[in-house]
Amino acid sequence: MPRSHHRSETVIETGASRPSRAVRRRTLRVAAAGLTAVAALTLTACGGQDNPLQTGAAKPYNPAPQGAEEPMVKGDGGPQGGTRPDGGRAEQTSARHGGSEAGAGASGTGASTGKAGKSGNTAGTRHTACDAAKIQIVAKPLKRPVNHLLLEATNTSGATCDLYYSPYLRFDEAQSPLAELPDSKPQSVVTLAPGQSGYAAVMTSSADGSGTNGHTMTSLSVSLPGRDGKGSIGGSKTVALPGGSVYLDDSAWVTYWQSDVSAATAW
């Protein structure tokens, strides 16, 4: 009987230990799974699995200001490329008149010229109006444009002077001076230092024959207006015509004084 009792106790102890080990195994599995999850989260937070010891780079916090907008890009509709109120006429006029101290030579004029005058006055300085008695005026033929003369006025005095408006031209015994061309008005007065020259172009007759009342003229007198555009400074000066005569019709006109030949002959 004692031997039999010993065996039953052994069976009881063996049966009781199995459930205990199963519980422990499950507990260990749950704990291992939890540790694995924690390790994965730790690796992710630390910047990846390649180098678990490397942390992610810190990023500066620069929030965009409220209402921030992209800078505007200048386009054709901007101030620089949009439609001008004057239709671009001011820009075209500036291009025609050229620089303030451009060279006087120009191809196709058929005339040799002196130093060009300066267009405009420095810091608004005004000089006396040029006196016809102290200005040498010469009429020269032009190859282009056709039916044109070039007037060259050179300052022969020792003082700087200003050429205002357009020259007053009278051919033969005309009662009124030749019409001026308003579109040729420069942006500023032409200033002549001693030895410098200013220029004006004269269209004597229309190239297409549209002018009427044409006559051959043999004499020309030139006067220089004052600052107010009235009267003449130094009286009138007789200027010889190239070849002694010129054909003039009622379409003829004269430009304003210009600082260089190219500006005068652009009309």
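Located above this text is the structure these notes cover.
Residues numbered from 1 in each chain as written. Predicted model: local features only at pLDDT ≥ 70, side-chain atom pairs only at ≥ 80, totals over all residues. Heavy atoms only, no water.

Asker: Which parts of the structure should I look at to understand the overall build of the protein?
Answerer: What the protein contains, in helices and strands, is 3 helices and 14 strands. For the protein, the share of sequence-separated contacts (at least 6 apart) that also reach a separation of at least 24 residues comes to 78%. If you sum the accessible surface of the protein, you get close to 17,000 Å²; carbon and sulfur atoms cover 54% of it. (Helix = DSSP H or I, 4+ residues; strand = E, 2+ residues; numbered from the N terminus. Contact = heavy atoms within 4.5 Å. Areas by Shrake-Rupley, 256 points an atom, 1.4 Å probe, with all protein chains shown as cover.)

Asker: Got a minute to help me understand the environment of Gly211 in this structure?
Answerer: Looking at the element boundaries, Gly211 is found in the loop between β9 (196-203) and β10 (215-217). Between the alpha carbons of Gly211 and Asp250 there is a distance of 5.7 Å; along the sequence they are 39 residues apart. Beyond its immediate sequence surroundings of up to four residues, Gly211 is in contact with Ser206, Asp249, Asp250 and Ser251.

Asker: What is the right way to read the pattern of salt bridges from this model?
Answerer: When charged atoms on two side chains of opposite charge get close, those side chains can pair. Enumeration over the complete set of coordinates arrives at 1 salt bridge. Across the pair Lys140 and Glu152 runs a salt bridge whose closest N-O atoms are separated by 2.7 Å. With Lys140 in strand β4 (residues 135-141) and Glu152 in strand β5 (residues 148-155), this pair connects stretches of sequence that are 12 residues apart. For the pair Lys140 and Glu152, a shared accessibility class is recorded, and that class is buried. (Salt bridge = Lys/Arg side-chain N within 4 Å of Asp/Glu carboxyl O. Buried < 20%, exposed > 50% of the residue type's maximum accessible area, 1.4 Å probe, protein only.)

Asker: Got a minute to help me understand unusual backbone geometry in this structure?
Answerer: The general pattern is negative phi for most residues beyond glycine and trans for most peptide bonds. With omega at -5°, the peptide bond leading from Arg144 into Pro145 counts as cis. One non-glycine residue, Asn147, lies in the positive phi region at around 60°. Mapped onto the elements of the fold, Asn147 is located in the loop between β4 and β5. In the Ramachandran plot, Asn213 falls in the positive-phi region, its phi being about 55° despite a non-glycine side chain.

Asker: For this particular structure, what's the right way to read the nonpolar core?
Answerer: Generally speaking, a soluble globular protein has its nonpolar side chains buried in company with each other. Leu169 and Phe171 are the most contacted members of the largest nonpolar core, which has 28 residues in total. In this view, Leu169 contacts Leu151, Ser176, Pro177, Leu178, Val202, Leu220, Ser221, Val222 and Val254; residues no more than four positions away in its chain are not counted. If you look at the next biggest cluster of nonpolar residues, it comprises 6 residues, including Leu142, Tyr199, Ala201 and Val261. (Core = buried A, V, L, I, M, F, W, Y, C linked by side-chain atoms within 4.5 Å.)

Asker: Before we go on, may I ask you to explain the pairing of β9 in this structure?
Answerer: In regular strands, side chains alternate between the two faces of the sheet. Burial analysis of β9 places 8 of its 8 residues in the buried class, which makes it a mostly covered element. Judged by which residues are buried, β9 turns out to be covered on both faces: Gln196, Gly198, Ala200 and Val202 on one side and Ser197, Tyr199, Ala201 and Met203 on the other are all buried. Of the pairings in the sheet, the one linking β5 to β9 comprises 7 bridges and is antiparallel in character. Within β9, the position partnered with Leu151 by the bridge is Ala200. Pairing analysis gives 2 bridges linking β9 to strand β14 (residues 253-254), with the strands arranged antiparallel. By the bridge assignment for β14, Met203 is matched with Trp253. (Pairing = 2+ DSSP bridges.)

Asker: Just checking my understanding: could you explain the state of the cysteines for this structure?
Answerer: One way to say it: the disulfide is the covalent bond shared by the sulfur atoms of two cysteines. Counted according to the given criterion, the structure contains 1 disulfide. There is a disulfide in this structure between Cys130 and Cys161, and the S-S distance comes to 2.1 Å. Looking along the S-S bond of the Cys130-Cys161 disulfide, the torsion reads about 85°, which is the right-handed sense. One end of the pair, Cys130, is in the loop between β3 (128-129) and β4; the other, Cys161, is in strand β6 (residues 161-163), and 31 residues separate them in sequence. Residue class for Cys161 comes out buried when judged on its relative accessible area of 4%. (Disulfide = S-S within 2.5 Å.)

Asker: I tried to follow the layout of surface pockets on my own but got confused; where do I start?
Answerer: Gaps left between atoms show up when a probe the size of a water molecule is rolled over them. Of the volumes computed, that of the largest pocket is approximately 190 Å³. Lining of the largest pocket is provided by 16 residues; of these, Leu178, Met217, Leu248, Asp249 and Asp250 occupy positions nearest its centre. Where the lining of the largest pocket is concerned, the elements lending two or more residues are β7 (168-171) and β10. Ranked by the residues each element gives to the lining of the largest pocket, the list is headed by β7, at 3 residues. Partitioning the lining of the largest pocket into residue classes produces 9 nonpolar, 4 polar and 3 charged. By volume, the second largest pocket amounts to about 170 Å³. What lines the second largest pocket is simply Leu163, Tyr164, Tyr165, Lys185, Pro186, Gln187, Ser188, Val189, Val190, Arg227, Tyr256 and Trp257. Tallied by class, the residues present in the lining of the second largest pocket amount to 8 nonpolar, 2 polar and 2 charged. (1 Å grid on protein atoms, 1.4 Å probe; cavity = no way out; pocket = protein on both sides within 12 Å on 5 of 7 lines; lining within 4 Å. Points joined across faces, edges and corners; volume = space filled by probe spheres on them. Nonpolar A, V, L, I, M, F, W, Y, C, P; charged D, E, K, R; others polar.)

Asker: How should I be thinking about the sheet that holds β7 in this particular structure?
Answerer: Pairing between sheet strands relies on hydrogen bonds along the backbone, with the strands arranged either parallel or antiparallel. Here 3 strands make up an open sheet; going across it, the order is β7-β11-β12 and the pairing antiparallel. Because the sheet does not close on itself, it has two edges, and the strands there are β7 and β12 (236-238). Strand after strand, the sheet turns through a mean of 25° between neighbouring axes, direction not considered. (Axes fitted to C-alpha atoms, helices over the stretch in contact; angles between N-to-C directions.)

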